Amino acid sequence: MKHLLTMAGLTLNEIENILFDAERFSKGEVWKVKEQTFVANLFFEPSTRTRNSFEVAEKKLGLDVLNFSAESSSVQKGETLYDTVRTFESIGVSGVVIRHPENHFFQELVGKVNIPIINAGAGCGEHPTQCLLDLLTIKQEFQTFKDLTVAIIGDIRHSRVAHSNHDALTRFGANVIFSGPKEWQDETGLYVPIDEAIREADVVMMLRIQHERHEGQMGNTKEEYHQAYGLTIEREKMMKPHAIIMHPAPVNRGVEIASELVECERSRIFKQMQNGVFARMAALKRAFECKTVQTQSLSI
Amino acid sequence: MKHLLTMAGLTLNEIENILFDAERFSKGEVWKVKEQTFVANLFFEPSTRTRNSFEVAEKKLGLDVLNFSAESSSVQKGETLYDTVRTFESIGVSGVVIRHPENHFFQELVGKVNIPIINAGAGCGEHPTQCLLDLLTIKQEFQTFKDLTVAIIGDIRHSRVAHSNHDALTRFGANVIFSGPKEWQDETGLYVPIDEAIREADVVMMLRIQHERHEGQMGNTKEEYHQAYGLTIEREKMMKPHAIIMHPAPVNRGVEIASELVECERSRIFKQMQNGVFARMAALKRAFECKTVQTQSLSI
Amino acid sequence: MKHLLTMAGLTLNEIENILFDAERFSKGEVWKVKEQTFVANLFFEPSTRTRNSFEVAEKKLGLDVLNFSAESSSVQKGETLYDTVRTFESIGVSGVVIRHPENHFFQELVGKVNIPIINAGAGCGEHPTQCLLDLLTIKQEFQTFKDLTVAIIGDIRHSRVAHSNHDALTRFGANVIFSGPKEWQDETGLYVPIDEAIREADVVMMLRIQHERHEGQMGNTKEEYHQAYGLTIEREKMMKPHAIIMHPAPVNRGVEIASELVECERSRIFKQMQNGVFARMAALKRAFECKTVQTQSLSI
């Protein structure tokens, strides 16, 4: 069962294989499932980018897609996540992509369901396909992760991106530094002042302020946040000549990053979205490649 | 026009034909529409299981699917159901699958629209494709309905499953007995104490408590209900050796049925969901087989 | 870039080409995209008819469809429309169909995004594909627009249909007259009393009362409105023998039009819906025909 749950659960070799496939997909490589195969996208939190990115990836692989969002469903009727997934398994779905507000939603599923689970974002925990697309974007730029300095800046504590990326980049030999407001720091890594982070980084990765997760708790205005912890026009000028800007999006323009920088020459923000489709195709291929045989036997 | 509205509207022979096709689909038989054909799923009540089961069935038949849910639609603008269905007919849809809160929603449509209607659950009335999948599951188990005792237990009055199944099973020569709280009984059939029902049954069919239909009116706690009218671990031991457990799902674990029994050896609950796709494929095939010709003439 | 934003932005020749293609699609002509191509329907207002009409049109052209509605999306997270569209562009979408509450939503997009935009209804402004389907319906009836009298009756001020149709019909040489309550008139054209409008018209085009746009501001009951400004059974008898009835739907039966007239012999209301698919196929073909090449280069 080729689940994709956390970056920590993948060996470096497995990650490299996924990145290799993703890179080939980005060059136009075609891989399709051989017979009619269903995948379900189960989104228990709203999402545009990730859900549609998965849907494009799925359809490019020739998968038949079922979309499910928690609002209009019998989850309202009190069903457990396990029963929901088993239901989709029973009606013939060969894999599920799940976004869920709980960090470890998959723990009640692993070992009990017979179809692969792809984590599409888990609470404040992990978001492995976002990490894979970030890795792909960095690798396309620098060919290696070894000895790169990656600065991750913003709301570290609530960011699933920060956690997944810190884990994977460190294992690949990159030097990850954090920066951001004290109240949003956690125990994960090394914190430095923002100007230092920006001067040293090969990759400046800004995080989104998750307004919806701490409404009203932010003790300063957007403009104050931007000046204190954002990538301002002035700070961009301190960056190394070859350094790039990344952001998982959606961007709060003028908060994490000056609006003028979103599509500047250094920015890889929309490139990341493009790569998201390729990384997800690779993750799905990995899950469904081995599934093909099992599905068939199920229907006999 | 091959509508599927109520079980009572089908002859035994028609039911047998649908079950025959469903059984073949369960064995891997393939049947596809010959040209691009659209079906619309019009859901005026939330549903995961049924809607996705239909969508899988439709896509397995090669249909192009439009999904419509009442929340995000111009039903808010006060349109009649008739006008909504005629709209879908006008834009080229060859059949509609409808779930609706009213028991007889289809009465304003039959004879006035020119495309087949498949009832996907009507208020507290009928839910014929649920009945068909139940029949298929029982038939796979016992080969016949004749002289089987089927105990339907729970909230009979509000259950569309109970009504459809009672009608069809009785006509096929099965002996249907009911059990459940007095306030949820109606005039349909014979009521017996739950322990007696469970001892005598070849099929123990538990119904879901529709919390959303009578919030707060249930005069006892979930645990009390479970002890009084649920399939407890103790009651399962009273069942005949060969008897099976069914439930239309979603299950309220620990209420209608002990959580441990949901996937026990006797349980056919997930098997029912699997069969749901095959029963719906058969019902859709029946509707679209004869439609194919008519659709073509419409576009000329 | 073949956007479709306003009728005024199309030359008469371009409109004729679209109508020519639409007419061919109505006769069964087939045109499909040559390779896998994605389109996204971005609906920032609820809609049944238009969204599903587009989806049928898109699938008939072989497009892969992404559906997005503002309710369940990260627009809640404060993203700009520009960033949303750029996101869809980045994930590989080759065109977007947008319905939006603002009259000029597309002004922040044109010249900045690299994929065609099709306006599926903009606030109280334009709704060009509705206009195109109206033109197609009129042309099928009278072969020409020259010297036809078209009466548009109802809530002119808030109607995107009225504005688009007035512009296009006038340019094609038709004589457009308006009628309706004084408080809903605007500066667009010539207003006449309703009985006069109905007697003189070759085409009686009734508009929908947009209850959702001016709840409670309507100073009279539905029956009073019907008598004063609706197409009553009596008024239908005053129409010219060959004159037809049109309505963009959904219809408020008994308000703008007597319920008995919705499907009378003169009515083209459901014909308009049928034509909507063909007009949208033509508009999409126009957008995607030239796109095919560009998309390909994007993925290299």
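Residues numbered from 1 in each chain as written. Chains lettered and ligands numbered in written order. Predicted model: local features only at pLDDT ≥ 70, side-chain atom pairs only at ≥ 80, totals over all residues. Heavy atoms only, no water.

Per an unreviewed UniProt entry, chain A goes by the name Aspartate carbamoyltransferase and belongs to Calidifontibacillus erzurumensis. Quoted straight from UniProt, the Sequence similarities (unreviewed entry) entry for chain A says "Belongs to the aspartate/ornithine carbamoyltransferase superfamily. ATCase family." Under the UniProt heading Subunit (unreviewed entry), the note attached to chain A is "Heterododecamer (2C3:3R2) of six catalytic PyrB chains organized as two trimers (C3), and six regulatory PyrI chains organized as three dimers (R2)." (UniProt positions renumbered as here; feature names shortened; annotations may be inferred.)

Colleague: In this structure, what is going on with the overall build of chain A? I would like to understand it.
Modeller: Across its full length, chain A holds 9 helices and 8 strands. Its C-alpha radius of gyration of 19 Å places chain A within 12% of the 19 Å reference for a compact globule of 300 residues. For chain A, the C-alpha atoms occupy an extent of roughly 65 × 40 × 30 Å along the three principal directions. For chain A, the residues scored as buried account for 63% of the 300 residues in total. (Helix = DSSP H or I, 4+ residues; strand = E, 2+ residues; numbered from the N terminus. Rg over C-alpha atoms; globule rule 2.2 N^0.38 Å. Buried < 20%, exposed > 50% of the residue type's maximum accessible area, 1.4 Å probe, protein only.)

Colleague: How should I be thinking about the pattern of salt bridges in this particular structure?
Modeller: Two side chains of opposite charge can pair, provided their charged atoms sit close to one another. Overall, the coordinates contain 57 salt bridges over all chains when judged by the stated rule. Residues joined in a network through salt bridges with shared partners are D21, R24, E29, K285 and E289 of chain A. (Salt bridge = Lys/Arg side-chain N within 4 Å of Asp/Glu carboxyl O.)

Colleague: Just to check I follow, could you spell out the interface of chain A and chain C for this structure?
Modeller: Accessible area lost upon the coming together of the parts serves often as the stated size of an interface. Each partner contributes residues to the interface: chain A has 24 residues there, and chain C has 23 residues. Carbon and sulfur atoms make up 50% of the surface buried where chain A meets chain C, a total of about 2200 Å² over both sides. Sorting the residues of chain A by area buried against chain C places T48, K59 and F270 of chain A first, and these three jointly supply 23% of that buried surface. For R253 of chain A, the salt bridge identified is with D83 of chain C, shortest N-O distance 2.7 Å. A per-element tally of the side of chain A that touches chain C places helix 2 (residues 49-60) of chain A first, with 8 residues. Across the side of chain A that touches chain C, the residue classes break down as 6 nonpolar, 7 polar and 11 charged. (Contact = heavy atoms within 4.5 Å. Buried area = accessible area lost by both parts, 1.4 Å probe. Nonpolar A, V, L, I, M, F, W, Y, C, P; charged D, E, K, R; others polar.)

Colleague: How do you make sense of the relation of the copies chain C and chain B when you look at a structure like this?
Modeller: A rotation about some axis, followed by a shift along it, carries one copy of the chain onto the other. For the pair chain C and chain B, the superposition axis carries a translation of 0.0 Å, the fit reaches an RMSD of 0.0 Å, and the rotation angle comes to 120°. Given the turn and translation reported, the copies of this chain are related as if by a three-fold rotation axis. (Least-squares fit on C-alpha atoms with pLDDT ≥ 70 in both.)

Colleague: Is there a simple way to think about the UniProt feature "binding site: carbamoyl phosphate" (unreviewed entry) in chain A in this case?
Modeller: Residues and elements named next belong to chain A. UniProt records the feature "binding site: carbamoyl phosphate" (unreviewed entry) at R49, T50, R99, H127, Q130, A249 and P250, using the numbering of this structure. Here R99 lies in strand 3 (residues 93-100). Residue position: P250 is located in the loop between strand 8 (244-246) and helix 9 (269-298). Looking at P250, the relative accessible area reads 6%, which means it is buried.

Colleague: Whenever I open this one, the confidence of the model for chain A confuses me. Can you help?
Modeller: Regions with low pLDDT carry predicted coordinates that are not meant to be interpreted in detail. All names here are of chain A. Confidence along chain A averages 91 in pLDDT terms, with 91% of residues attaining 70 or more. Low pLDDT, under 50, characterises residues 292-300; the predicted model gives this stretch 7 contacts beyond four residues in sequence or across chains. Under the prediction, the complex receives an ipTM of 0.92, its pTM being 0.93. (pLDDT = per-residue confidence, 0-100.)

Colleague: Just to check I follow, could you spell out the interface of chain C and chain B for this structure?
Modeller: Contact with chain C, which involves 24 residues of that partner, is made by 23 residues of chain B. The junction of chain C with chain B conceals about 2200 Å² of combined surface from both sides, 51% of it contributed by carbon and sulfur atoms. Among the residues chain C hides against chain B, the three largest losses belong to T48, K59 and F270 of chain C. Together they make up 24% of the total. There are 3 salt bridges connecting chain C and chain B. At the level of secondary structure, the elements contributing two or more residues to the side of chain C that touches chain B comprise helix 2 (49-60) and helix 9 (269-298) of chain C. With 8 residues, the single largest contributor to the side of chain C that touches chain B is helix 2 of chain C.

Colleague: Mind showing me how you'd approach the environment of P248 of chain B here?
Modeller: Residue and element names in this part refer to chain B. For P248, the position within the fold is in the loop between strand 8 (244-246) and helix 9 (269-298). With 71 residues separating them along the chain, P248 and I177 place their C-alpha atoms 17 Å apart. If near-sequence neighbours (up to four positions away) are discounted, P248 is found in contact with R49, Q130, V161, M206, L207, R208 and Q272.

Colleague: Help me understand the sheet that holds strand 4 (residues 117-122) of chain B in this model?
Modeller: Within a sheet, each strand pairs with its neighbour through backbone hydrogen bonds, oriented either parallel or antiparallel. Residues and elements named next belong to chain B. The strand order 2-1-3-4 describes an open sheet built from 4 strands, whose pairing is parallel. Sheet topology places strand 2 (64-69) and strand 4 at the edges, where each strand pairs with a single neighbour. Put simply, the sheet's adjacent strands are angled 15° from each other on average, direction ignored. Sheet topology places strand 3 (residues 93-100) next to strand 4; 4 bridges connect them, and they run parallel. When the sheet's bridge partners are listed, V96 is paired in strand 4 with I117. (Pairing = 2+ DSSP bridges. Axes fitted to C-alpha atoms, helices over the stretch in contact; angles between N-to-C directions.)

Colleague: Help me understand the sheet that holds strand 3 (residues 93-100) of chain C in this model?
Modeller: Residues and elements named next belong to chain C. In spatial order, the strands read 2-1-3-4; together these 4 strands make up an open sheet with parallel pairing. If you trace the sheet from one side to the other, it starts and ends with strand 2 (64-69) and strand 4 (117-122), each paired once. With strand direction ignored, the average angle separating the axes of adjacent strands in the sheet is 15°.

Colleague: Would you explain the side chain of E58 of chain C in this entry?
Modeller: Residue and element names in this part refer to chain C. Along the chain, E58 falls in helix 2. R51 is the oppositely charged side chain nearest to the buried, salt-bridge-free E58, at an N-O distance of 6.8 Å. Polar contacts involving the side chain of E58 include one to the side chain of N41, which spans 2.9 Å. Setting aside anything within four residues of it in sequence, one finds E58 in contact with V39, N41, L63, V65, V97 and L284. (Lys, Arg positive; Asp, Glu negative; His and termini not counted. Polar contact = N/O pair within 3.5 Å; in protein donor to acceptor, adjacent residues only side chain to side chain.)

Colleague: In this structure, what is going on with unusual backbone geometry? I would like to understand it.
Modeller: Residues apart from glycine generally show negative phi values, whereas peptide bonds are mostly found in trans. Of note, the bond from A249 of chain A into P250 of chain A is cis; its omega dihedral lies within 30 degrees of zero at 0°. We note that Q143 of chain A has phi near 65°; this positive angle belongs to a residue other than glycine. Unusually for a residue other than glycine, D147 of chain C sits at a positive phi of about 65°. Looking at the secondary structure, you find D147 of chain C in the loop between helix 4 (128-142) and strand 5 (149-153). You can call D147 of chain C exposed: its relative accessible area is 59%.

Colleague: Mind showing me how you'd approach the packing of helix 1 (residues 12-26) of chain C against helix 4 of chain C here?
Modeller: Relative placement of two packed helices is described by the angle separating their axes and the distance separating the axes. All names here are of chain C. Interaxial distance between helix 1 and helix 4 falls to 10 Å at its minimum, and their mutual angle equals 70°. Taken together, the axes of helix 1 and helix 4 are roughly perpendicular relative to one another. For helix 1 against helix 4, the interelement crossing comes out right-handed. Residue-level inspection shows I15, I18, L19, A22, E23 and S26 of helix 1 in contact with helix 4, the latter providing L132, L135, L136, K139 and Q140. Along the lines of polarity and charge, the residues of the contact of helix 1 with helix 4 split into 7 nonpolar, 2 polar and 2 charged. (Parallel < 35°, antiparallel > 145°, perpendicular 65-115°, else oblique. Left-handed = near helix turned anticlockwise from the far one by under 90°.)

Colleague: Looking at this model, I keep getting lost on the environment of G189 of chain C. Mind explaining?
Modeller: Residues and elements named next belong to chain C. Mapped onto the elements, G189 comes out in the loop between strand 6 (175-179) and helix 6 (194-200). Residue G189 is classed as partly exposed on the basis of its relative accessible area, which comes to 33%. Linking G189 and S179, residues 10 residues apart in sequence, is a C-alpha distance of 9.9 Å. Among all residues touching G189, those that are not within four sequence positions of it are H166 and F178.

Colleague: Would you explain the UniProt feature "binding site: L-aspartate" (unreviewed entry) in chain A in this entry?
Modeller: Residues and elements named next belong to chain A. As annotated by UniProt and renumbered to match this structure, "binding site: L-aspartate" (unreviewed entry) occupies K77, R160 and R208. Exposure remark for R160: the relative accessible area of 7% places this residue in the buried category. Within the structure, R160 has its side chain in polar contact with the backbone oxygen of G123 (distance 3.2 Å).

Colleague: So what exactly am I meant to see when it comes to the pairing of strand 1 (residues 38-43) of chain C here?
Modeller: Successive residues of a regular strand alternate their side chains across the two faces of the sheet. Residues and elements named next belong to chain C. Across the 6 residues that make up strand 1, a large majority, 6, are buried. In strand 1, alternate side chains face the same way, and those of F38, A40 and L42 on one face and V39, N41 and F43 on the other are all buried. Bridge count between strand 1 and strand 2: 6 bridges; the pairing is parallel. When the sheet's bridge partners are listed, F43 is paired in strand 2 with S69. Relative to strand 3, strand 1 runs parallel, the two being bridged by 5 bridges. The residue bridging N41 from the neighbouring strand is V97, located in strand 3.

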